[in-house]
Amino acid sequence: MSLNDFSLTNAVESDALFVLKDAQSVLSPRQKTEPKKVRARRLEITQLPGAMRHMGWITAARLMERWFNTPAFAMSAEQKAARNLADLPWQQVDETIVTMRWASQFERCRAAVDLARSRSFHTQKGMTRLRDLVYASGWDGTRPHSLGFYGMSSRLMDKTCQINVADLGERTDTLDEIYGALGLANLKVGVVGTALNERGKRLFKVDYLGFYILDTYDFNGPQYLGTWTDKRVLTKAETIAAGTYAARRIYEARDDSPLGLITNGDFRDYRAKTGRGGDFFVVSDIQWERINAVVDLDQYP
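Reading guide: rules and limits
Residues numbered from 1 in each chain as written. Predicted model: local features only at pLDDT ≥ 70, side-chain atom pairs only at ≥ 80, totals over all residues. Heavy atoms only, no water. Helix = DSSP H or I, 4+ residues; strand = E, 2+ residues; numbered from the N terminus. Buried < 20%, exposed > 50% of the residue type's maximum accessible area, 1.4 Å probe, protein only. Contact = heavy atoms within 4.5 Å. Areas by Shrake-Rupley, 256 points an atom, 1.4 Å probe, with all protein chains shown as cover. Pairing = 2+ DSSP bridges. Expected span 1.5 Å × (residues − 1). Arc of directions from axis to C-beta.

Colleague: Please provide a residue-by-residue account of the overall build of the chain, values included.
Modeller: The helix and strand tally for the chain stands at 11 helices and 12 strands. Looking at the 301 residues of the chain, the share that counts as buried comes to 51%. In the chain, the share of contacts with a sequence separation of at least 24, taken over all contacts with a separation of at least 6, comes to 79%. Taken as a whole, the chain presents about 14,400 Å² of accessible surface, with 50% of it coming from carbon and sulfur.

Structural data, given as structure tokens:
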């Protein structure tokens, strides 16, 4: 998903969260004064969307709220790998929260679009995939045959017209809203056009490229997710001050806010206790790009 993509190594360098029971700590004084006792109040994981909204992370908050508000469902590793979106029930796919217009505010998304465009039908992998798709869609190799159409859904494009992909995000990225919402995701590219045979030469006339995001929102695995209050995520310096995940030391919140250090396991525990918390696929809308190109389907053997 998003937060589940924090690694233990990055937790100190980025920002993260996990539930910490009410606890008391003695902090080492900078000068020769009496040790100061600090009591940290517990942050419930259901407060996290509110913290995100307080920071202006509306899309990230909506994704987490959707997880909290749907019946319990744990996505298996096999389901994540298959990514067969076409036949999944609506509870397991969200196509409305993440939009390409929102994602394109972030430079790393724009860079992923550029990379996916360069890979589309300009690589052997892309052309092999395109050739396979046009035949799978019923082309007889001779008469003109359309593949896809402008305005099709991301689900349908993913099944019938997707030809290449680029990574969106890296573990070292700044913890901003797109990282909080998606973490490491896929930026996919699909193609719409017509397969042709001109005097024995197999061609494909490209009319549109379509770019869209595909991600999973789940809490599988043992990942440590970071340090939060009910209003914001801690900065890198504050996270270091709070201590590492292994030490579980306590950060002194200046405004007496509750503090949370969250792992994926806290979300799974919530699901087990409440019967709520459904993993799902995140699919954006399509960013369409008009293009006028004719490519040789036989350029790669």
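Picking up where we left off.
Colleague: Now, about the pairing of strand 8 (residues 201–217): what can you tell me, with residues and values included?
Modeller: Of all 17 residues that make up strand 8, 13 are buried, and the element is covered over most of its length. One ladder, built from 13 bridges, connects strand 7 (residues 185–198) with strand 8; its direction is antiparallel. If you follow K188 over to strand 8, its bridge partner there is Y212. What sits between strand 7 and strand 8 in their antiparallel hairpin is a turn of two residues, with R199 showing a positive phi close to 55°. One ladder, built from eight bridges, connects strand 8 with strand 12 (residues 287–296); its direction is antiparallel. Paired with F211 across the strands is Q287, a residue of strand 12. Examined bridge by bridge, strand 8 and strand 11 (residues 280–283) share four bridges and lie antiparallel to one another. If you follow D215 over to strand 11, its bridge partner there is V282.

Colleague: Residues and numbers for helix 7 (residues 124–136), please.
Modeller: The terminal C-alpha atoms of helix 7 lie 18 Å apart, and with 13 residues this matches the ideal 18 Å at 1.5 Å per residue to within 8%. Among the residues of helix 7, those classed as buried are G126, M127, L130, R131, L133 and V134. Projected onto a plane normal to the axis of helix 7, the buried residues spread over an arc of 165° and lie on a single side. Exposed side of helix 7, more than 90 degrees from the buried face: K125 and A136 are the residues found there. The first or second residue beyond helix 7 is G138, which carries a positive phi of 110°.

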